[in-house]
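# Chain and residue survey
These are the residues of each chain, in order.
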Amino acid sequence: MSDPAQTATEEHLPVPHPGLSAPEVAERVARGEVNDVPVRSSRSTTEIVRANVFTRFNAIIGVLFLIILVVGPIQDGLFGFVIVANTAIGIIQELRAKKTLDSLAVIGEAKPTVRRDGAPCAIPTGEIVLDDVIELGPGDKCVVDGRVLEADGLEIDESLLTGEADPVLKRAGDPVMSGSFVVAGGGAFTATKVGREAYAAQLAEEASRFTLVHSELRTGISRILKYVTWMMIPTAAGLIVSQWIVQDHDWREAVRRMVAGIVPMVPEGLVLLTSVAFAIGVIRLGRKQCLVQELPAIEGLARVDVVCLDKTGTLTEGGMDVSELRLLDGAVGDKTDEAHVRQVLGALGEADPRPNASLQAIIDAYPAPARWRCTESLPFSSARKYSGAALSTPDGESGTWLLGAPDVLLAPEAPALAQVEELNARGLRVLLLARAARELDDPRVTDGVRPTGLVVLEQRLRPDAGDTLRYFAEQNVSAKVISGDNAVSVGAVAAKLGLTGAEGPVDARRLPAGREEMGAALDGGAVFGRVTPQQKRDMVGALQARGHTVAMTGDGVNDVLALKDADIGVSMGSGSEATRAVAQIVLLNNSFATLPSVVAEGRRVIGNITRVATLFLTKTVYSVLLAILVVCWQVPYPFLPRHLTLLSTLTIGVPAFFLALAPNKERAKPHFVRRVMRYAIPAGIIAAAATFAAYLLARHHYAGPGALDAETSAATLTLFLISLWVLAIIARPYTWWRIGLVLAMGAGFLVVLVTPWLQHFFALKLVGTTMPWAAVAIAATAAGALESAWRWVDRRFPA
């Protein structure tokens, strides 16, 4: 197989294709031959409204609300208005998130370079037309299908489409598939299929949508709700029989009390609150120029315990500066003076039309010499770790030169490597300029090279990188620096930033190949150099195999495979289009320091939803048990819908909203359902047992007309006080506003009890003093049982 450099020579077109003219573009637009695939960053407004309104639980609650409208009175249908309010909140928050996402997606959208009227111009992907000539360079994604028109060492990675990891060398006339991306070289291709006809158009459209894809949190809530749905049917049947036939209630009263028993079983607010919390998280991160391409990415990053960082562009800024040029002793050649070496470096820089950061620093330091000619070139690739060119001087001397990693181009015993190690230990990046004895198209071109000089590059450290690494250390998140650069150099940079373990950098070429062995080595180290793109992917897999949740950051093409396989991929906004396409999170401001905000936001959302889920599910548990106890004891159901609406609002709905938005730095833990139910089940059992005991006691205490209302009021007081205590436990650790929240909810219930029109509206009036104080005593006993149960659960079922 021929070398990329040879291909570049054969296929280079001295006169680039001018592309389409303006009239030709207009003609194709008129025919509809435009790349009109709607790339959406969010759901449409119609879809948002439909998704929030037409849910299974809104249907259930809606039917029950209609039943109450028939049997009356309206205050027993208050739960229906709560659903309307919650649904409206969900729609409004998601519309706000949509607006933020849409605007951010426009900022982050890559614009391919297209030739029009002989001049290159960057246009949105939706404006590409059939037969457009699209230029390609390292990191560019092929946005439509086409055929190669020009190739200059063009290597394209099609792994995201075919699963084949090795880059494919492209020549003029070869096909190009949308969704692939360039890893080395450059060129141009002609668009042959646009819009929905393109190979990856449907995949790209689907991947670009704002979706609530799989997450443990939402899956766990859905599982809980499924079980609740099945419990509701027999419970409703039992209640209607108990209240209508056995108790011989008026059918309207029987229906009202059946609805009262069913409605609180549905933790409908939990689903909406989760969506709202996610949406608010997206908005908050959007204000910090962080584009969340998939909502569950917020949850995923909250669960991360290992973050893999690429040095270049993450710990260091993209630009570099040449700090020194060292000529090597014993260099062979007629001309080895510094002036000649500077000219060679300048010519090498001119030979690469798309230089990387290292070569750009050389171009800035050494201008291109006059009348030098490049007859053949080999673009840099992260797999090779070097580039090269065949150069011809004005006096006719020719030579083949290589520029790249010293430890790749030189034998291990080469004396120049001692200087390289010394420079790397100071955190400097070093490139070797060497003269090759073989032609560029020789597979063994690096054999027997003659070292000429060392180009010493100084990397610019990101000023905020040290603080970010300290944040991860404080949060018990292990940071692994994984770089293609020399391990010692990377370790020195990491050490300057205060990374623990940076003093023992590991050369990835010496890592074991086995997944288990590699995982053990990764757990033991913090800095890894000379990592190939495939190795980055293997390292992510090895960490995941050891039970880690892995986030990967990167901005280069060599990071794409690892970003795709990581649990969470984080790309820089200035990174290649390929990395932005596969990442779940894009840092549009290119600031690594934004990452702690994303982690903190995820922890806030997940930790708080886990916290408030206990409130919702405690209500579900005690509602089911109360319904069962009522059926078994064959007594009237103690509550009307309005009573449970009041309790739910004061002890769950309002406080849950505030608690869900509170700060929370605790790392998200797995097994959401188990962690929530271990508290909700005992709390629900205690609440149901104590409330039913107070209700039975009240039935013995009260007699005559109005007894049922007095019994209901006593039971409502008991259940409210117990629910308030559950809220007080959930609100821990206390802060001034959490204490104020609990006290405010208690004060709200007190206002209802002492305000005559509210007493009438909610059918609540405490009769006498004996039973109300008995209810308080029962609630206090239940509160003690709750505290004991909470401590027992923590010991018996640790999180």
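Numbering of residues begins from 1 in every chain and follows the order in which that chain's sequence is written. Since the coordinates come from a predicted model, pLDDT governs what is reported: local features require at least 70, and pairs of side-chain atoms require 80 or more to be given and counted, while whole-chain, interface and lining totals use all residues. Derived side-chain values reflect all non-hydrogen atoms in the structure, with water molecules and hydrogen atoms excluded from consideration.

### Things to note about the environment of Gly554
This is how the line gets drawn: Secondary structure elements are taken from DSSP: a helix is a run of H or I of four residues or more, a strand is a run of E of two residues or more, and numbering for both begins at the N terminus. Contact between two residues is taken to exist if any of their heavy atoms lie within 4.5 Å; hydrogens are not considered.
Within the element layout of this structure, Gly554 appears in strand 19 (residues 550–554). Here the alpha-carbon distance between Gly554 and Thr312, two residues 242 residues apart in the chain, equals 8.2 Å. Not counting residues up to four positions away in its chain, the partners in contact with Gly554 are Asp310, Asp559, Leu563, Val570, Ser571 and Met572.

### Some points on empty space enclosed by the protein
Filter applied, for reference: Grid points spaced at 1 Å and placed over the protein atoms alone form the basis of the search, with a cavity being a set where a 1.4 Å probe fits but cannot get out and a pocket an open set showing protein on both sides within 12 Å along at least five of seven lines. Lining residues have an atom within 4 Å of a point. Grid points are joined across faces, edges and corners, and a volume is the space filled by probe spheres set on the points. Charged means Asp, Glu, Lys or Arg here, nonpolar means Ala, Val, Leu, Ile, Met, Phe, Trp, Tyr, Cys or Pro, and polar covers whatever is left, Gly included.
In total, this model carries three cavities of 30 Å³ or more according to the counting rule given. Residue lining of the second largest cavity: Leu615, Thr618, Lys619, Tyr622, Thr651, Ile652, Ser723 and Val726, and that is the complete set. In terms of residues, the lining of the second largest cavity owes the most to one element, helix 22 (residues 595–633), which gives four residues. Here the residues of the lining of the second largest cavity sort into four nonpolar, three polar and one charged.

### Description of unusual backbone geometry
Leave glycine aside and you will find that most residues have negative phi; peptide bonds, for their part, are mostly trans. To keep it simple, the criterion reads: To sort residues, take the accessible area from a 1.4 Å probe on protein chains only and compare it with the maximum for the residue type: under 20% means buried, over 50% means exposed, and anything in between is partly exposed.
Omega for the bond connecting Arg732 with Pro733 falls within 30 degrees of zero, at -5 degrees, which places this linkage in the cis form. Of note, Pro733 is situated in the loop between helix 25 (707–730) and helix 26 (736–754). Positive phi, close to 55 degrees, is recorded for Arg530, a residue that is not glycine. Here Arg530 is to be found in the loop between strand 18 (527–529) and helix 19 (533–545). The backbone of Ala763 shows a phi angle near 55 degrees, a positive value even though the residue is not glycine. By the element assignment, Ala763 lies in the loop between helix 27 (756–762) and helix 28 (770–796). You can call Ala763 partly exposed: its relative accessible area is 24%.

### Quick look at the sheet that holds strand 19
In any sheet, the strands associate via hydrogen bonds between backbone groups, in a parallel or an antiparallel arrangement. Stated formally: Here the rule is simple: two strands pair whenever DSSP picks up at least two bridges between them. Lines fitted to C-alpha atoms define the axes, with helix axes restricted to the stretch in contact, and inter-axis angles between N-to-C directions lie between 0 and 180 degrees.
On the basis of which strands lie adjacent, the open sheet formed by eight strands has the order 8-21-20-19-9-16-18-17 and mixed pairing. The open sheet terminates on both sides in strands that have one partner only, identified here as strand 8 (290–292) and strand 17 (506–507). Here three bridges tie strand 8 to strand 21 (residues 585–587), and the two strands are oriented antiparallel to one another. If you follow Val292 over to strand 21, its bridge partner there is Ile585. In this fold helix 22 packs onto strand 8, strand 9 (306–309), strand 19, strand 20 (568–572) and strand 21, with an angle of close to 145 degrees to the strand it touches most, strand 21.

### A few points about the side chain of Asp407
Quick note on the threshold: Pairs of N or O atoms within 3.5 Å make up the polar contacts considered here, provided that, within protein, one atom can donate a hydrogen while the other can accept it, and that residues adjacent in sequence are counted only when both atoms are side-chain atoms.
With respect to the helices and strands, the residue Asp407 is situated in helix 14 (residues 406–409). With a relative accessible area of 18%, Asp407 lands in the buried category. Polar side-chain contacts of Asp407 include one of 2.8 Å to the side chain of Arg530. The residues contacting Asp407, other than those within four sequence positions of it, are Leu417, Asn486, Arg509 and Arg530.

### As for the pairing of strand 4 (residues 145–157)
The side chains of a regular strand alternate, first on one face of the sheet and then on the other. Within strand 4, 10 of the 13 residues are buried, which leaves the element mostly enclosed by the surrounding structure. Inspection of the sheet shows strand 4 paired to strand 7 (residues 181–193) by 10 bridges, in the antiparallel sense. Within strand 7, the position partnered with Glu150 by the bridge is Ala188. Of the pairings in the sheet, the one linking strand 4 to strand 6 (residues 175–176) comprises two bridges and is antiparallel in character. Along strand 6, the bridge assignment pairs Gly146 with Val176. Direction of pairing for strand 4 relative to strand 5 (residues 168–169): antiparallel, over a ladder of two bridges. Residue pairing in the sheet places Ile156 in a bridge with Val168 of strand 5.

### Points about the nonpolar core
Heads up, the rule is: Residues enter a nonpolar core if they are buried and are Ala, Val, Leu, Ile, Met, Phe, Trp, Tyr or Cys, with the set joined through side-chain atoms within 4.5 Å.
Judged by nonpolar contacts, the single largest core of 130 residues is most densely connected at Leu301, Leu499, Ile585, Phe592 and Phe749. It is helix 22 that provides the largest number of residues to this core, a total of 16 residues. Residues contacting Phe592, with those up to four places away along its chain left out, are Leu309, Thr314, Leu315, Arg462, Ala465, Thr468, Leu469, Phe472, Met572 and Leu587. Core analysis: the second largest hydrophobic core is formed by 22 residues, Val183, Val306, Val540 and Leu543 among them.

### Remarks on the environment of Leu640
Relative to the helices and strands, Leu640 resides in the loop between helix 22 and helix 23 (641–660). Overall, the relative accessible area of 8% leaves Leu640 in the buried class. Expressed as a C-alpha distance, the spacing of Leu640 and Gly77, which sit 563 residues apart in the sequence, is 9.8 Å. Look past the residues within four positions of Leu640 in its chain and what remains in contact with it is Asp76, Glu253, Arg256, Arg257 and Ala260.

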